[in-house]
There are 2 protein chains.
Amino acid sequence: MYERKIIPNLNCGLDLIGEVLYGKWKIRLLWFIEQGHKRPSELQRKIPDASRRVLNIQLKELEDHELVMKKIYPVVPPKVEYSLTDFGKSLIPVISALGHWGDQHQDRLRRVILKRIPG
Amino acid sequence: MYERKIIPNLNCGLDLIGEVLYGKWKIRLLWFIEQGHKRPSELQRKIPDASRRVLNIQLKELEDHELVMKKIYPVVPPKVEYSLTDFGKSLIPVISALGHWGDQHQDRLRRVILKRIPG
DNA sequence: TCATATAGGGATAAATTTTTCCCCTATTGT
DNA sequence: ACAATAGGGGAAAAATTTATCCCTATATGA
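As the structure is a computational prediction, the values presented were derived from the model and not from experiment. (Residues numbered from 1 in each chain as written. Chains lettered and ligands numbered in written order. Predicted model: local features only at pLDDT ≥ 70, side-chain atom pairs only at ≥ 80, totals over all residues.)

**Looking at the interface of chain A and chain B**
Point 1. Between chain A and chain B, the contact holds 39 residues from the first and 39 residues from the second.
Point 2. Here the side of chain A that touches chain B takes 8 residues from helix α6 (residues 92-104) of chain A, the largest share from any one element.
Point 3. Residues that form the side of chain A that touches chain B fall into these classes: 19 nonpolar, 8 polar and 12 charged. (Contact = placed C-beta atoms within 7 Å. Helix = DSSP H or I, 4+ residues; strand = E, 2+ residues; numbered from the N terminus. Nonpolar A, V, L, I, M, F, W, Y, C, P; charged D, E, K, R; others polar.)

Here's what the structure looks like:
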């Protein structure tokens, strides 16, 4: 695992939430798990642009941060299910607020974002 | 300027808001500007861990994304003031929600974050 | 005259994150 | 026998972001 060389700030609430949500796919993972897509392969299908590897890594981080729980069924072929912890569930309204803002302003957002992207 | 090689998804609201808020210091910049800290040097003092350079770069992106406005006063020594656009202001409640969640859970967050960081 | 403050940019290095590639487990279906 | 499926992980490459270093300009105060 990569070992940080720069120690993060953990001063205020924004620093703290940033530490656990910062990761390209984490918010979407939480969102889809909340929606009931619990198995790794389902999540992968929901987020096809992410590699399987990163999803595993980010799920592990979410687990370490106690936002999700992983349940491994001792069957073959293997079966794994993720679910939100209560802590993770408490984040849903916040994520929801992010998503709503994005949805409400989607046209403008697409325009300003694409302005900065060539092609 | 760095030119992306991987095109981002802009499917849902979460993708979109992610594009404009993803950046180590952006949320804090918006927050401090809203608090009335408008000049680059003030922002720098508020966020001493960020280099001057990155703050400039991220402010420029926030400006391109129409979340902040930059006013340059033609005086010497130079004076610049940033302020939130209406679009930027509409994000404040969302950022506020992020901060509140972080504040409410700060002890737990510190604990789980530090678990993963050596030393 | 010299340091300080103010704002900024280019080039490059370093840090970090994400992707790619290849490997492993065991069972079921063909 | 062999492919497919389910879930993973190591190593290295590529992509991306952030930091560092050094440069510009002008006015003010010591």
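Structure's up, so let's keep going.
**What to know about the nonpolar core**
Point 1. Counting residues in each nonpolar core, the largest one holds 47 residues, and the members touching the most others are L30 of chain A together with L30 of chain B.
Point 2. Of all elements in the fold, only α1 (13-21), α2 (26-34), α4 (52-64) and α6 of chain A together with α1 (13-21), α2 (26-34), α4 (52-64) and α6 (92-104) of chain B reach the threshold of two or more residues within this core.
Point 3. Among residues more than four places away in sequence, those in contact with L30 of chain A are L62, L67, L84, G88, L91 and I95 of chain A. (Core = buried A, V, L, I, M, F, W, Y, C linked by C-beta atoms within 7 Å. Buried ≥ 20, exposed ≤ 12 C-beta atoms within 10 Å, placed from the backbone.)

**Topic: the protein's contact with DNA strand D**
Point 1. The local shell around DNA strand D holds 22 residues, among which S41 and P77 of chain A together with K5, I6 and K24 of chain B are the closest.
Point 2. Where the surface near DNA strand D is concerned, the elements lending two or more residues are α3 (40-46), α4 and β2 (79-84) of chain A together with α4 of chain B.
Point 3. Per-class residue counts for the surface near DNA strand D are 10 nonpolar, 4 polar and 8 charged. (Near = placed C-beta within 6 Å.)

**Quick word on α2 of chain A**
Residues and elements named next belong to chain A.
Point 1. Here α2 lies mainly inside the structure; 7 of its 9 residues are buried.
Point 2. Of the residues making up α2, those classed as buried are K26, I27, R28, L29, L30, W31 and I33.
Point 3. Count one or two residues on from α2 and you reach G36, which has phi positive near 100°.

**A look at the UniProt feature "domain: HTH hxlR-type" (unreviewed entry) in chain A**
Point 1. Following the UniProt record, the feature "domain: HTH hxlR-type" (unreviewed entry) maps to residues 12-110 of chain A here.
Point 2. Secondary structure across residues 12-110 of chain A divides into 61% helix and 12% strand, with the first and last C-alpha atoms of the span separated by 31 Å. (UniProt positions renumbered as here; feature names shortened; annotations may be inferred.)

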